[in-house]
Amino acid sequence: MTAAATGLTTATPPPDLTGTGGAPRRGRGLRRFLVNGKVTTGLVILLIFAVVAVLGDTIAPYDPSKRSSDILQGPGWKHWFGTTHIGQDIFSQVIVGTRSVMFVGLAAGAVATVVGVVIGVTSGYLSGAAAESLSAISNVFIVIPALPLIIIITNVVPNSGDWTIALVIGCTSWAWGARLLRAQTLSLRRRDFVEAARATGESTWRLIGFEILPNLTAIIASSFIGTVMFAVATEIALAFVGVSGISEWNWGEILFWAQGQQALPQGAWWWFVPAGLCIALFGTALSLVNFGIDEFVNPRLRSNARRSFRAADGRRVRMRVGFTPVVQAPPRGEDNER
Amino acid sequence: MRFFLRRFAFYVFTAWAAITINFFIPRLIPGDPVSALVAGMRGQITSDQIQSLTVLFGLDKHESVWMQYVDYLEQLSHGDLGISFGNFPLPVTSVLASALPWTLLLIGVTTIISFAIGTLLGIVVGWRRGSWLDGLLPVTTFLSSIPYFWLGLIAVSVVTYAGYFLPISGGYDPGLVPSWNLEFIGNAIEHGLLPAITIVVASVGGWLLSMRNMMVTVTAEDYVTVAHAKGLSERRVVMGYAARNALLPSVSGFGMALGLVVGGTFLVEYVFSYPGIGLQMLQAIARHDYPLIQGIFLVVTLAVLAANFLADIAYLALDPRTRKEG
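Per chain, the residues get numbers from 1 upward, laid out in the order the sequence is written. The lettering of chains begins at A and the numbering of ligands begins at 1, in the order of writing. In keeping with the model being predicted, local features are shown solely for residues with a pLDDT of at least 70 and side-chain atom pairs are shown and tallied solely at 80 or more, while totals for entire chains, interfaces and linings include all residues. Calculated side-chain values reflect all of the structure's heavy atoms, with hydrogen atoms and water omitted.

**Some thoughts on the overall build of chain B**
Going along the chain from the N terminus, every DSSP run of H or I of four or more residues is numbered as a helix, and every run of E of two or more is numbered as a strand. A tally of regular secondary structure across chain B gives 13 helices and zero strands. Along its sequence from the N terminus, chain B presents helices and strands in the succession α-α-α-α-α-α-α-α-α-α-α-α-α. Projected onto its principal axes, the C-alpha positions of chain B cover 80 × 60 × 40 Å. Residue contacts are counted whenever heavy atoms from the two residues lie within 4.5 Å of one another. For chain B, contacts bridging at least 24 residues in sequence account for 74% of all contacts bridging at least 6.

Below, the structure is given as structure tokens:
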């Protein structure tokens, strides 16, 4: 995240004051972003999860809460991920639980991003006491440990459904994005293209909306993804410890029952492995997209480039960022003729 | 010095904000559950204790919020956090005093270890960009996407399967009495090993990635090229020039990461029934032990603030620019 912030200063596209010719550039940039292997992998995984979340109970083979006589069975043809202590199908629970996880993640991410953009850009663009106090508030929210605070609030709020949890997580986790956005806005607001737009008499809102915000896209996207990751982890943690209301299935809920029914001592590994792997896979997909954004913004971070070349005389030369490759002259000195 | 004072003022402000949040949250609980609990315990608790709970939870509705706030601050300054319903008749402060050392040791040791390992690996991976070491990145990404508590569950099942070579629950053997003798300390370390390994494995990836990215960025700076051109040894260029500067964002991000580590550790304590603050908090929630919940939130926040302050002092030592002004 820090790298994204530092890299952006060098990678900000040059100002396009005339407003023409911007589209092809952007199209090329988007393609470059999508061609990145990490981004594609991440997006494909996310897409699969999204489809599962939308279809949910229609593709689940069983009703996730329905009891059956197949008690605590391991994975097999009838129950792909095995069954619980009362014969519920774990595969169906994982599938149906995807929706709640995706919903809370995206909703909390959206709430946090909106709050973060408003507070971050405002405090970065304006100056004076108001901006300073907004920045102080976001610093306070960064430092206060989030999970205990969220646990306390959800514990206090009655009937905590998915909406409530998403709102609570969103309202407590915007600060990190706001801080990054503020830093970047501070550096953008005195750039020449902003000054030029200001000199032509553009209104403050137009300056923010059309000159500053487009240059913050990468940070906004990466802080959105970061918040989604945090929100998903938090929702699952809340369900796992049994704080959130037990209304809908989600992956944390499955783990809650697995823990409560002593799945581990009974050797019922299938009860908690699938949900955990889904969480890890979802998180990995999100961070792959985030790496893609970082690498798009700061191309030096890419790792797939070939770094080692064979020089004309058969020696290997390692290319390093920042260093001019120096090939030592071979002992016999024939090299000078080439 | 100015940097130091500014940070100090910020922490005082944040501590005040946390105390104020702690004041308002219980007053938003609908339906007055605390009065009901206090009423249920009439005859068992003394009038002093009722008075202190009244101040903490605003049970006296006739007082103005402002007066409640003043009373609340005054009571906190005496270190009175009320009594714990779940551990009756212990006051919240003594429950905290017995749980806090476990958590502080667990978080302190694991955070330092994973910061050190992650940062060192990050230096190597960032410096040798493009070599086979880049293969570490997807692995660490996957590891850092796994929730701490799930990794803990897996660790428990692996140890169970392999025949209990390490204790999987509790902070020490039930037969022992906590004291400073070798037997007890050894036993406590043995019990802490599995939770500690879990936290280190789950958190090392984050440090590695941020250090790697900063190393890659810093390596292209002119001062690194100059250091190389001067003919300094590679070791000196890496450690004294590149890594030293790449470390700064990691150190300033240390405090923020700590908030996440605290949350993760709470759940790890729950999985391993480790007798720390996290386990106490989750038990307190299950028992509706409101005074203990509030007390834990306050103490954890203040501890995180203190750790942030230490990170700032480290930053002060690492970055001479902060010392120069004023």
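Now that the structure has been shown, we can carry on.
**Examining the packing of aromatic side chains**
The way to describe two aromatic rings as a pair is by their centre distance and the angle between their planes. All names here are of chain B. What counts as a ring pair is set by centres within 6.5 Å for rings of Phe, Tyr and Trp (its six-membered ring), and what kind of pair is set by the plane angle: stacked under 30 degrees, edge-to-face over 60, tilted for all other angles. Per the stated rule, a full pass over the model turns up 27 aromatic pairs over all chains. Between Phe 4 and Phe 309, the aromatic rings sit 5.4 Å apart at their centres with planes inclined by 50 degrees, giving tilted as the arrangement. Of this pair, Phe 4 sits in helix α1 (residues 2–27) while Phe 309 sits in helix α12 (residues 290–318), and the two are 305 residues apart along the sequence. You can call Phe 4 partly exposed: its relative accessible area is 25%. Any residue under 20% of the maximum accessible area for its type is buried, any over 50% is exposed, and the rest in between are partly exposed; the area is computed with a 1.4 Å probe on protein chains only.

**Description of the domain arrangement of chain B**
Residue and element names in this part refer to chain B. One can read the domain layout of chain B as domain 1 (2–77) and domain 2 (92–322). Delimitation of the domains relies on an automatic or database domain assignment. On a C-alpha basis, the centres of domain 1 and domain 2 stand 32 Å from each other. Taken together, the contacts link 20 residues of domain 1 with 16 residues of domain 2. Defined here as a combined quantity, buried area equals the accessible surface (1.4 Å probe) lost by two parts on assembly, summed across both. Around 1,600 Å² of area is buried between domain 1 and domain 2 when both sides are counted, 80% of it from carbon and sulfur atoms. Salt bridge criterion: a side-chain nitrogen from Lys or Arg within 4 Å of a carboxyl oxygen from Asp or Glu. Our count for the contact surface shared by domain 1 and domain 2 stands at one salt bridge. With a shortest N-O distance of 2.8 Å, Asp 312 and Arg 7 are connected by a salt bridge. Polar contact is defined as a pair of N or O atoms within 3.5 Å, subject to the rule that within protein one atom must be able to donate a hydrogen and the other to accept it, and that residues adjacent in sequence are counted only when both atoms are side-chain atoms. Where domain 1 meets domain 2, there are four residue pairs in polar contact (both at pLDDT 80 or more). Listing elements by their share of the side of domain 1 that touches domain 2, those giving two or more residues are α1, α2 (33–40) and α3 (47–57). If you tally residues by element for the side of domain 1 that touches domain 2, the top one is α1, at 13 residues. For the side of domain 1 that touches domain 2, the per-class residue count stands at 17 nonpolar, two polar and one charged. Amino acids are sorted into nonpolar (Ala, Val, Leu, Ile, Met, Phe, Trp, Tyr, Cys and Pro), charged (Asp, Glu, Lys and Arg) and polar (every other residue, Gly among them).

**Let's talk about the interface of chain A and chain B**
Chain A puts 53 residues into the contact, and the matching count from chain B is 60 residues. With both sides pooled, the region where chain A packs onto chain B buries about 5,100 Å², and carbon together with sulfur makes up 75% of that total. In this assembly, chain A and chain B are joined by zero salt bridges. The tally of links from chain A across to chain B stands at two residue pairs in polar contact (both at pLDDT 80 or more). Tallied by class, the residues present in the side of chain A that touches chain B amount to 34 nonpolar, twelve polar and seven charged.

**Observations concerning helix α8 (residues 182–219) of chain B**
Think of an α-helix as 3.6 residues a turn; residues three or four steps apart then line up on the same face. Residue and element names in this part refer to chain B. In this model α8 runs just 48 Å from its N-terminal to its C-terminal C-alpha over 38 residues, more than 12% under the 56 Å that 1.5 Å per residue would give. To get the bend at a residue, fit one axis to the 7 residues ending there and another to the 7 starting there, then take the angle between the axes. The sharpest bend along α8 measures roughly 40 degrees and falls at Leu 193, with the proline Pro 195 sitting one to four residues further on. The element α8 is extensively covered by neighbouring structure, given that 27 of its 38 residues are classed as buried. Working rule for helices: expected span equals 1.5 Å times residues minus one.

**A short note on the packing of helix α4 (residues 90–125) of chain A against helix α8 (residues 175–188) of chain A**
Residue and element names in this part refer to chain A. Viewed as axis vectors pointing N to C, α4 and α8 meet at an angle of 35 degrees, and their least axial separation amounts to 7 Å. With respect to the hand of their crossing, α4 and α8 are arranged in right-handed fashion. Residues Gly 116, Val 117, Ile 119, Gly 120, Val 121, Ser 123, Gly 124 and Tyr 125 of α4 form the contact with α8, whose own contacting residues are Ala 178, Leu 181, Arg 182, Thr 185 and Leu 186. Of the residues contributing to the contact of α4 with α8, the split by class is seven nonpolar, five polar and one charged. Helix axes are fitted only over the stretch in contact, all axes being lines through C-alpha atoms; the angle between N-to-C directions runs from 0 to 180 degrees. The handedness criterion is simple: a crossing whose near helix is rotated anticlockwise from the far helix by less than a right angle is left-handed, and one whose near helix is rotated clockwise is right-handed.

**Quick word on the UniProt feature "transmembrane region" (unreviewed entry) in chain A**
UniProt positions are given in the numbering used here, feature names are shortened, and annotations may be inferred rather than shown by experiment. With numbering matched to this structure, UniProt assigns "transmembrane region" (unreviewed entry) to residues 33–55, 101–122, 134–157, 163–181, 216–241 and 269–293 of chain A. Helix makes up 89% of residues 163–181 of chain A and strand 0%, and the two end C-alpha atoms of the span are 26 Å apart.

**Looking at unusual backbone geometry**
Residue and element names in this part refer to chain B. Backbone geometry places Ser 273, a non-glycine residue, at a positive phi of 45 degrees. For His 288, which is not glycine, the phi dihedral falls at a positive 55 degrees. Its place among the elements puts His 288 in the loop between α11 (277–286) and α12. With relative accessibility at 41%, the residue His 288 sits in the partly exposed group.

**With respect to a nonpolar patch on the surface**
Where nonpolar side chains cluster on the molecular surface, the patch consists of Leu47(A), Val51(A), Val54(A), Leu55(A) and Ile59(A) and spans about 450 Å² of accessible area. Positionally, Leu47(A) belongs in helix α3 (residues 37–55). Residues with no salt bridge and a relative accessible area higher than 30% make up the patches, which join like charges within 9 Å and nonpolar side chains (Val, Leu, Ile, Met, Phe, Trp, Tyr) within 5 Å. Note on areas: Shrake-Rupley, 1.4 Å probe, and residue coverage restricted to the protein chains presented here.

**Considering the UniProt feature "transmembrane region" (unreviewed entry) in chain B**
Residue and element names in this part refer to chain B. Using the residue numbers shown here, the UniProt feature "transmembrane region" (unreviewed entry) corresponds to residues 7–25, 99–127, 148–168, 188–209, 246–272 and 292–318. Annotation note: span residues 7–25, helix share 100%, strand share 0%, distance between end C-alpha atoms 27 Å. As annotated, residues 188–209 has a helix share of 100% and a strand share of 0%, and its two end C-alpha atoms lie 32 Å apart.

**Remarks on α8(A)**
For α8(A), with 14 residues, the first-to-last C-alpha span of 20 Å sits near the 20 Å given by 1.5 Å per residue. Every buried residue belonging to α8(A) is among Ala175(A), Gly177(A), Ala178(A), Leu180(A), Leu181(A), Arg182(A), Gln184(A), Thr185(A) and Leu188(A), and all of these are buried.

**Let's talk about the environment of Leu96(B)**
All names here are of chain B. Within the element layout of this structure, Leu 96 appears in helix α5 (residues 92–127). Judged by relative accessible area, Leu 96 falls into the buried class, the value being 5%. Excluding its chain neighbours within four sequence positions, the residues that come into contact with Leu 96 are Leu 81, Pro 101, Ile 277, Gly 295, Ile 296 and Val 299.

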